[in-house]
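Survey of secondary and tertiary structure
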Amino acid sequence: MEVSQDEIFILDPDMVVSQQAGTPPGMPDLVVEQASGMSDWWNPALRKRMLSDSGLGKISPHFEVSEKKDVSHSHMLPSPVSSEDQALVQAVIAGDLMKLIECCKNGGSLLIQGPDHCSLLHYAAKTGNGDIVKYILDHGPSELLDMTDSETGETALHKAACQRNRAVCQLLVDAGASLRKRDSKGKTPQDRAQQAGDPDLASYLESRQSYKVLTHEDLETAV
């Protein structure tokens, strides 16, 4: 009473929001392994300055959604036609970010498929090149995120999980990649991480799926 100066403050338990409902679970410290050249990307101020200096433009924000609609398979993508498109595919496979940027500036399209009918995002996720994954997410069409490989039914997140590319998995999940989409064998990205011998990555993917479900339910309740 003395502290509140004749006013009584009552804490309403219903107004207390747990951290789990408002903050997405992060990758455990022992799990996060930044991809080569990715350390500066995690600092928003440095990332903005780097993009401004390099002329890549402003990073497009990505918003998490509970579940994306199914999209076309990657075999619907056109094969490389122009020399710039062909050079672009090779740049992604080789992990050459500067060549990729050059090809895009010269008219290369991010909506093409490689020799084994995978999208460019599939290749980048599989090789674990976080810089190229980030560039494609920022400059490519949104349908690439959950597009499936025509042979295996895998998304880019499946590819990254199979190769235990943890930093790339985090990039894709933060961009809104589906955690529940199943490949042609009925496996989710979490299943693929478990099969690849990375239980920590599998636990991270499971926790993010639970977070998305919880957040979606909270929004529905609020409405």
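Everything numeric in this text was worked out from a predicted model, so none of it was measured.

1. Details of the overall build of the protein chain
Tallying secondary structure elements over the protein chain gives ten helices and zero strands in all. Put simply, the protein chain runs from its N terminus to its C terminus through helices and strands in the order α-α-α-α-α-α-α-α-α-α. Sequence-distant contacts in the protein chain: of pairs separated by 6 or more residues, those separated by 24 or more amount to 70%.

2. Examining unusual backbone geometry
Notably, H117 is not glycine yet its phi reads approximately 65°, a positive angle. With respect to the secondary-structure elements, H117 resides in the loop between α4 (97-105) and α5 (120-127). Even without glycine at this site, R164 takes up a positive phi of about 60°. Owing to a relative accessible area of 44%, R164 belongs among the partly exposed residues under this scheme.

3. Some remarks on the pattern of salt bridges
Here the structure, examined in full by the defined rule, presents eight salt bridges. With a closest N to O distance of 2.8 Å, D198 and R166 form a salt bridge. Separated by 32 residues along the polypeptide, D198 in the loop between α9 (189-195) and α10 (199-222) and R166 in helix α8 (residues 166-174) bring together distant segments of the chain. We classify D198 as buried; its relative accessible area is 2%. One network of salt bridges, with partners in common, ties together D149, E154, K159, D183 and R192.

4. Focus on helix α6 (residues 130-139)
When you tally the buried positions in α6, you get nine out of ten residues, the bulk of the element. Those residues of α6 not exposed but buried are G130, D131, I132, V133, K134, Y135, I136, L137 and D138. The backbone nitrogen of D131 has a side-chain oxygen 3.2 Å away, supplied by the residue at the start of α6, namely N129.

5. Remarks on the nonpolar core
Core analysis: the largest hydrophobic core is formed by 43 residues, its most contacted members being L88, L100, L120, L121, L172 and L205. For this core, the secondary-structure elements that each account for two or more residues are α3 (83-94), α4, α5, α6, α7 (156-162), α8 and α10. Beyond its immediate chain neighbours, meaning those up to four positions away, L172 contacts L121, A125, V133, L137, L145, A156, L157, A160 and A177.

6. Some thoughts on the environment of R164
Among the secondary structure elements, R164 is positioned in the loop between α7 and α8. For the pair R164 and D200, spaced 36 residues apart in sequence, the C-alpha separation works out to 10.0 Å. Setting aside residues up to four positions removed in sequence, R164 forms contacts with A196, G197, D198 and L201.

7. Re α8
Most of α8 sits inside the fold, with eight of its nine residues counted as buried. For α8, the set of buried residues is R166, A167, V168, C169, Q170, L171, L172 and V173.

8. A few points about the confidence of the model for the protein chain
Looking at the protein chain as a whole, the pLDDT averages 75, with 60% of positions reaching at least 70. When mean pLDDT is compared element by element in the protein chain, α7 scores highest at 97, while helix α1 (residues 19-22) scores lowest at 48. With pLDDT under 50 throughout, residues 54-72 is counted as low confidence; its partners more than four residues away or in other chains account for 39 contacts. Note on residues 216-223: pLDDT is under 50 here. Beyond four places in sequence and across chains, it has two contacts.

9. A short note on the environment of S142
Position of S142 relative to the elements: it lies in the loop between α6 and α7. A relative accessible area of 57% means that S142 is categorised as exposed. Residues S142 and A177 lie 35 residues apart in sequence; the distance between their C-alpha atoms is 9.9 Å.

10. Considering the UniProt feature "repeat: ANK" (unreviewed entry) in the protein chain
The feature "repeat: ANK" (unreviewed entry), as annotated in UniProt, sits at residues 116-140 and 152-184 in this numbering. For residues 116-140, the end-to-end C-alpha separation is 20 Å, with 72% helix and 0% strand making up the annotated structure. Taken end to end, residues 152-184 is 48% helix and 0% strand, and its first and last C-alpha atoms sit 6 Å apart.

Cut-offs applied
Residues numbered from 1 in each chain as written. Predicted model: local features only at pLDDT ≥ 70, side-chain atom pairs only at ≥ 80, totals over all residues. Heavy atoms only, no water. Helix = DSSP H or I, 4+ residues; strand = E, 2+ residues; numbered from the N terminus. Contact = heavy atoms within 4.5 Å. Buried < 20%, exposed > 50% of the residue type's maximum accessible area, 1.4 Å probe, protein only. Salt bridge = Lys/Arg side-chain N within 4 Å of Asp/Glu carboxyl O. Polar contact = N/O pair within 3.5 Å; in protein donor to acceptor, adjacent residues only side chain to side chain. Core = buried A, V, L, I, M, F, W, Y, C linked by side-chain atoms within 4.5 Å. pLDDT = per-residue confidence, 0-100. UniProt positions renumbered as here; feature names shortened; annotations may be inferred.

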